[in-house]
Amino acid sequence: MIIIKKNLIFLNFLLSTSAQFLLFYLFLKIIPIGLKPLYFAYFFILILLTYFYDNLKSFTFLVAVMLSIAFYYVAKAWISPNEKYSQFNMIAQQLIVITLSVFLWVQSIYVKNIVNKNENLERRVKELEKINPETGIMNFREFLDRAETIYTAIKRRKENGQLIIIKLADISTGGNLKTSKTLMKLLGEAIIKSIRKNYDIVGIYDSNTFMALLQNTNQFGSEIVINRIKDNISKVSSLNSDELLPDLKFIVKDVDNEFVSFDEIIKSFLNAGE
């Protein structure tokens, strides 16, 4: 189905391009030299309007110019009936310009839609790059960026925060990779359920380490969150909490005015714990 659609798009492009080449050839052959610069300027303005403004404005401009061209040739035939250009020649000129205008307008819309779709896809890819695909939790770099913003707000409000590092020991040793990814996904979901939504943040450092930044709280608040995490893990039927919880290590760090760097603190704590 995808191959058929791809071939149809290519065929459509080939036919429309061939038709435009034919129309441009006829345009250069039939349109008088004096009118060619005016029509080229019109085509240029039409393309710019279509690309930079909404389609309704460019369509209104297209219709207005098409009607003006029709009135021009009617007036020309009425005022100068004996001119060297025959009535058939004038009709041919009018049809060529109008058809070429419609082709350029449609193609400009098509190109604009492709550009917009590419921009949306690039934006979507950037958003997905911020999220770890295996756990659905923001990656380390995105966590650091948001954590620095939150830390700045905490300092301004003269509040304290808590950084919790949750490390699971040796989840991949002797196991398969799929099980490890599933386990980390379930752990991540349990951690997210344990924090305040749209206020605290959770990130993943590596294949077995999570981080949680809690705003406007103290060690007592950290203990509450840690207990929630353990309770939520216990509620997951597919996890053996009796074996899993002893392998979880929780490291808590105060986030206050003496705090240096999330990157340095996290790495130093993890290196010290290894």
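All of these numbers come straight from a predicted model, not from anything done at the bench.

Colleague: Would you take a moment to explain the confidence of the model for the protein for this structure?
Modeller: Caution applies to low-pLDDT regions: their predicted coordinates should not be interpreted in detail. Per-residue confidence for the protein gives a mean pLDDT of 80; residues scoring 70 or more make up 81%. Here helix H9 (residues 262-273) is the element of the protein with the lowest mean pLDDT, 63, and helix H7 (residues 219-235) is the one with the highest, 92. Taken as a whole, residues 172-179 scores under 50 in pLDDT and shows 1 contact with residues more than four places along the chain or in a different chain.

Colleague: Quick question: what am I supposed to make of the pairing of strand E2 (residues 201-206) here?
Modeller: Along a regular strand, successive side chains alternate from one face of the sheet to the other. As paired elements, E2 and strand E3 (residues 209-214) share 5 bridges and run antiparallel to each other. The residue bridging Asp206 from the neighbouring strand is Thr209, located in E3. In textbook terms, the turn of a hairpin is the stretch between consecutive antiparallel strands, and for E2 and E3 this stretch comprises 2 residues.

Colleague: What exactly am I supposed to notice about the nonpolar core here?
Modeller: For soluble globular proteins, nonpolar side chains are generally found buried alongside one another. Residues Ile164, Ile166, Leu187, Phe210, Ile233, Leu239 and Leu244 are the most contacted members of the largest nonpolar core, which totals 24 residues. At the level of elements, strand E1 (161-168), helix H6 (177-194), E2, E3 and H7 are the ones that each hand at least two residues to this core. Each residue touching Leu244, except ones within four places of it in the same chain, is listed here: Leu168, Leu183, Leu187, Ile233 and Leu239. Of all hydrophobic cores here, the second largest spans 19 residues; its members include Phe27, Ile69, Val97 and Leu100.

Colleague: I would appreciate a short explanation of unusual backbone geometry in the present structure.
Modeller: The bulk of non-glycine residues show a negative phi, and the bulk of peptide bonds are trans. Notably, Lys158 is not glycine yet its phi reads approximately 55°, a positive angle. Assignment of secondary structure puts Lys158 in the loop between helix H5 (140-157) and E1. Look at Lys158 and you get exposed, because its relative accessible area is 76%. In this structure, Asn216 takes a positive phi of about 45° despite not being glycine.

Colleague: It is not clear to me how the sheet that holds E2 should be interpreted in this structure. Could you clarify?
Modeller: One key point about sheets: their strands pair by backbone hydrogen bonds, in either a parallel or an antiparallel sense. If you trace the 4 strands from one edge of the open sheet to the other, you get E2-E3-E1-E4, paired in antiparallel fashion. With one partner strand each, in any of the chains shown, E2 and strand E4 (248-255) form the two edges of the open sheet. Taking each pair of neighbouring strands and ignoring which way they run, the sheet shows an average axis angle of 20°. Pairing between E1 and E4: 8 bridges, direction antiparallel. Across the sheet, residue Ile164 finds its bridge partner in E4, namely Val252. On top of the sheet, H5 reaches E1, E2, E3 and E4; it is set at about 140° to E2, its chief contact.

Colleague: Can you help me understand the packing of aromatic side chains in this one?
Modeller: Note on aromatic pairs: each is described by the distance of the centres and the angle between the planes. Here the structure, examined in full by the defined rule, presents 6 aromatic pairs. Measuring from centroid to centroid gives 5.3 Å for Tyr42 and Phe43, while their planes differ by 45°, and the two rings are tilted. The exposure classification of Tyr42 matches that of Phe43, with both residues buried. Between Phe140 and Tyr205, the ring centres sit 4.8 Å apart and the planes meet at 90°, which makes this aromatic pair edge-to-face. Here the residue Phe140 occupies a position in helix H5, and Tyr205 occupies one in strand E2, the gap between them amounting to 65 residues.

Colleague: Explain the side chain of Thr209 here, please?
Modeller: By the secondary structure assignment, Thr209 is in strand E3. Here Thr209 falls in the buried class, since its relative accessible area comes to 0%.

Colleague: Looking at this model, I keep getting lost on H5. Mind explaining?
Modeller: Given a rise of 1.5 Å per residue, 18 residues ought to cover 26 Å, and the 25 Å separating the end C-alpha atoms of H5 matches this to within 8%. Buried within H5 we find Phe140, Glu142, Phe143, Leu144, Ala147, Ile150, Tyr151, Ala153 and Ile154. Phi for Lys158, located one or two positions after H5, is positive at around 55°.

Colleague: Please explain the environment of Ile164 as it appears in this structure.
Modeller: Within the secondary structure layout, Ile164 lies in strand E1. The exposure class assigned to Ile164 is buried, which follows from its relative accessible area of 0%. It is 5.6 Å that separates the C-alpha atoms of Ile164 and Ile251, two residues lying 87 residues apart in sequence. For Ile164, the residues in contact, after removing those within four places along its chain, are Phe210, Met211, Ala212, Leu214, Ser222, Val225, Ile226, Phe250, Ile251 and Val252.

What counts, and at which threshold
Residues numbered from 1 in each chain as written. Predicted model: local features only at pLDDT ≥ 70, side-chain atom pairs only at ≥ 80, totals over all residues. Heavy atoms only, no water. pLDDT = per-residue confidence, 0-100. Helix = DSSP H or I, 4+ residues; strand = E, 2+ residues; numbered from the N terminus. Contact = heavy atoms within 4.5 Å. Pairing = 2+ DSSP bridges. Core = buried A, V, L, I, M, F, W, Y, C linked by side-chain atoms within 4.5 Å. Buried < 20%, exposed > 50% of the residue type's maximum accessible area, 1.4 Å probe, protein only. Axes fitted to C-alpha atoms, helices over the stretch in contact; angles between N-to-C directions. Phe/Tyr/Trp six-rings, centres within 6.5 Å; stacked < 30°, edge-to-face > 60°. Expected span 1.5 Å × (residues − 1).

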